[in-house]
Amino acid sequence: MSFAQPLPLRSAAVLRDYQLMYETYGTLNEARSNAVLVCHALNASHHVAGTYEGDPKSTGWWDNLVGPGKPLDTERFFVIGVNNPGSCFGSTGPTHINPATQQPYGADFPVVTVEDWVDAQARLCDALGITQLAAVIGGSLGGMQALCWSMRYPDRLRHCIAIATAPCLSAQNIAFNEVARRAIVTDPDFHGGHYQTQGVLPRGGLRVARMIGHITYLSDDTMDAKFGRNLRASVGATEPCDTPRYTTQDIEFEIESYLRHQGDKFSEYFDANSYLLITRVLDYFDPAREHGGDLSAAFAAATAKFHVVSFTTDWRFAPARSREIVKALLDNRLDVSYAEIAAPHGHDAFLLDDARYHGVLRARFDHIARDIAQEGAP
Amino acid sequence: MSDRDALELIAALVPPGSHVLDLGCGSGEVLAYLRDQRQCTGYGIEIDDANVLACEQRGVNVIQLNLEEGLAIFDDQSFDVVLQLNTLQHLRNTERMLMETARVGRIGIVSFPNFAHWPHRLSVAAGRMPVTRSLPYQWYDTPNIRVATYADFEGLAQRCGLRILDSFGIQNGAGVRRWPNLMASVAAFKFERR
């Protein structure tokens, strides 16, 4: 969907003539009261659920949660997935043409923030004729967007579901992001962010960025269970390898092979400038800042009913960070439930299908659906 | 006489419209009752996954926390009433949790199995640990790590600087105000900070 009205950004810059890619699932009811917005995290897109025709591998990134009969049931809800501006899945981003220069934006794409994204999403809802969302849900960076909705547009959502997220990044989190950004920026093919006009891509940097990110999404135990100290067998070998090759540059351990594979895959589809931008979106999110560091004050205007979920082995967005959110909500006497799921998978757990995790979300959406049905009754 | 009657006895101690914190709220039954019958708001604290789910299904606010880690997340006097129903006997740090209850809430309400109920006394007199409806476990598999009597709690309350506002026993869903230490399987106390 194209937007002619410029989007004013927090950085004081303005996004002109932008478009947002979005997908919807299910049917908007007559009262327009059953819409649920799903916010994506760093590397995902508007393609939340289902597969595209003729492409069985194109499963949406939250397909285990969203769909007919699933916890977020598309037979009852009208689900909206939207690609945020600055990303690289069709919405206006660094690979698009800058109307001011008629060249690709590249490094000139303005820095965006969670607040800007939420503003863009609110405009999309306007365009779809949705005044109030039944719920906004997201994990990680998506959870930050859900929280931001509750503060920025308190009347426009009834439920806020924030999973594996934090009220702001810690210094350690920013540090990881900075390592990723330096990997990209110091790639000789980066060209100050204008690699596109040079006809190259800083794939090496993007690979390393993804590798470091990926390490932080997994728990120590999961990594150990999955890879341990197993050595990588040579290509074509049928037996597992038990003798080291004593090499410094080739792949020796299985974990190296896995990380390199993840890095390679990622560098094929993700844009380096988008990675820089979106890690900054994470870094800048800090709603308490405007309130002298008082997170409770930041939620003073919120009215939504909240559901907060964390995972015990998530060290990137640890349960303690979710408890900070819960405390701020409690201070405001807001409705909040908090589930701390003992899942082994680290930060990645929010994308996986855990019975306890999906159980509480299913119960929550059942309630939301029941409330909608009751309101609709004469 | 039933568990429901016992619930109503406890609920009657909670002023209508109170903001309530229920420590070890189980499946959220009490909070749902207080919400529906006494217009209360509030939250439950629960550690068990299945109970957290049950609360969510009831539409009761539940915070999944380990009570042994304390109530640092809650400010002083931030609740009208703090409930600790059938929870105290499962907690290692009973005294601290009682102080925390009194810190966070203006009123505390506690209930727990009364070890001095006469069938338990008979059992111990006969040389065996009691196994009854209110204490249904064998000594080696009981989740009750703190067993106490009605009279014991009065002592602890004194020690913690609590003023007892009301107290009684509960037996088969009925209040017991005569010799509760002997005649009731459950002890109930309502208190505030002195």
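Residues numbered from 1 in each chain as written. Chains lettered and ligands numbered in written order. Predicted model: local features only at pLDDT ≥ 70, side-chain atom pairs only at ≥ 80, totals over all residues. Heavy atoms only, no water.

J.: So what's going on with the overall build of chain A? Residues and values would help.
T.: Along chain A, the regular secondary structure elements total 11 helices and 15 strands. The C-alpha atoms of chain A give 21 Å as radius of gyration, which agrees with the globular expectation for 378 residues (21 Å, within 12%). Seen through its principal axes, chain A has C-alpha atoms that stretch 75 × 50 × 50 Å. Scored against the burial criterion, the 378 residues of chain A give a buried share of 54%. Sequence-distant contacts in chain A: of pairs separated by 6 or more residues, those separated by 24 or more amount to 71%. About 16000 Å² of surface is accessible on chain A, with carbon and sulfur atoms providing 51% of the total. (Helix = DSSP H or I, 4+ residues; strand = E, 2+ residues; numbered from the N terminus. Rg over C-alpha atoms; globule rule 2.2 N^0.38 Å. Buried < 20%, exposed > 50% of the residue type's maximum accessible area, 1.4 Å probe, protein only. Contact = heavy atoms within 4.5 Å. Areas by Shrake-Rupley, 256 points an atom, 1.4 Å probe, with all protein chains shown as cover.)

J.: Which residues make up the side chain of B:Q89, and what values go with them?
T.: In this fold, B:Q89 is placed in the loop between β4 (79-85) and α4 (94-104). Ignoring any residue separated from it by four or fewer positions in sequence, one finds B:Q89 in contact with B:S111, B:F112, B:P113, B:P143, B:N144, B:I145 and B:R146.

J.: Report on unusual backbone geometry, specifying residues and quantitative values.
T.: Generally, phi is negative for residues other than glycine and the peptide bonds are trans, each holding for most cases. Residues and elements named next belong to chain A. The backbone of A164 shows a phi angle near 45°, a positive value even though the residue is not glycine. Among the structural elements, A164 can be located in the loop between β13 (157-163) and α3 (171-185). Of note in this structure, H191 is not a glycine but carries a positive phi near 50°. The exposure class assigned to H191 is partly exposed, which follows from its relative accessible area of 39%.

J.: Tell me about the interface of chain A and chain B, and name the residues and values.
T.: With 22 residues of chain A at the contact, the number on the chain B side is 22 residues. When chain A packs against chain B, close to 1700 Å² is buried across both sides, 50% of that on carbon and sulfur atoms. For the chain A face of the interface with chain B, the top three residues by lost area are A:L330, A:R333 and A:Y338, together amounting to 30%. Connecting chain A to chain B are three salt bridges. A salt bridge links B:E56 to A:R364; the nearest nitrogen and oxygen atoms lie 2.8 Å apart. (Buried area = accessible area lost by both parts, 1.4 Å probe. Salt bridge = Lys/Arg side-chain N within 4 Å of Asp/Glu carboxyl O.)

J.: Help me get a handle on the pattern of salt bridges, residues and values and all.
T.: Residue and element names in this part refer to chain A. Inspection of every chain in the model, using the stated rule, returns 30 salt bridges over all chains. As a salt-bridge pair, R10 and E290 come within 2.3 Å of each other at their nearest N and O atoms. Of this pair, R10 sits in the loop between β2 (7-8) and β3 (14-15) while E290 sits in the loop between α8 (272-284) and α9 (295-298), and the two are 280 residues apart along the sequence. For R156, the salt bridge goes to D126, with nearest N and O atoms at 2.8 Å. Of this pair, R156 sits in the loop between α2 (141-152) and β13 while D126 sits in helix α1 (residues 114-127), placing them 30 residues apart in sequence. We classify R156 as buried; its relative accessible area is 14%. Overall, D126 belongs to the partly exposed group, its relative accessible area being 47%.

J.: For α3(A), give the residues involved together with the corresponding values.
T.: Residues and elements named next belong to chain A. Between the first and last C-alpha of α3 there are 20 Å, a value that for 15 residues agrees with the 21 Å anticipated at 1.5 Å per step. Burial in α3 covers these residues: N173, N177, A180, R181, A183 and I184. The arc enclosing the buried residues of α3, seen along the axis, measures out at 155°, which places them on a common side. Structurally, α3 contributes buried residues whose contacts are with α5 (203-217) and α8. (Expected span 1.5 Å × (residues − 1). Arc of directions from axis to C-beta.)

J.: If you had to explain the environment of B:T132 to someone new, which residues and values would you point to?
T.: All names here are of chain B. As for its position among the elements, T132 is in the loop between α5 (118-125) and α6 (150-159). Between the C-alpha atom of T132 and that of S185, which follows or precedes it by 53 residues, the distance is 9.4 Å. Within the structure, T132 has its side chain in polar contact with the side chain of H120 (distance 2.8 Å). (Polar contact = N/O pair within 3.5 Å; in protein donor to acceptor, adjacent residues only side chain to side chain.)

J.: Now, about α5(A): what can you tell me, with residues and values included?
T.: All names here are of chain A. If you check α5, its first and last C-alpha atoms are 21 Å apart, about what 15 residues at 1.5 Å a residue would give, namely 21 Å. Within the sequence span of α5, burial applies to G205, L206, A209, R210, G213, H214, T216 and Y217. Each buried residue of α5 lies within a common arc of 165° when the element is viewed along its axis, so the set occupies one face. Buried residues along α5 sit against α3, α7 (254-269) and α8.

J.: Can you lay out the nonpolar core for me, pointing to particular residues and giving the numbers?
T.: One finds A:W62, A:I137 and A:I163 to be the most contacted residues of the largest nonpolar core, which totals 149 residues. Filtering out sequence-adjacent residues up to four positions away, A:W62 remains in contact with A:V38, A:V48, A:I137, A:G138, A:G139, A:I163, A:F350, A:L351 and A:Y357. Formed by 15 residues, the second largest nonpolar core is a distinct cluster that contains B:A157, B:C160, B:L162 and B:A187. (Core = buried A, V, L, I, M, F, W, Y, C linked by side-chain atoms within 4.5 Å.)

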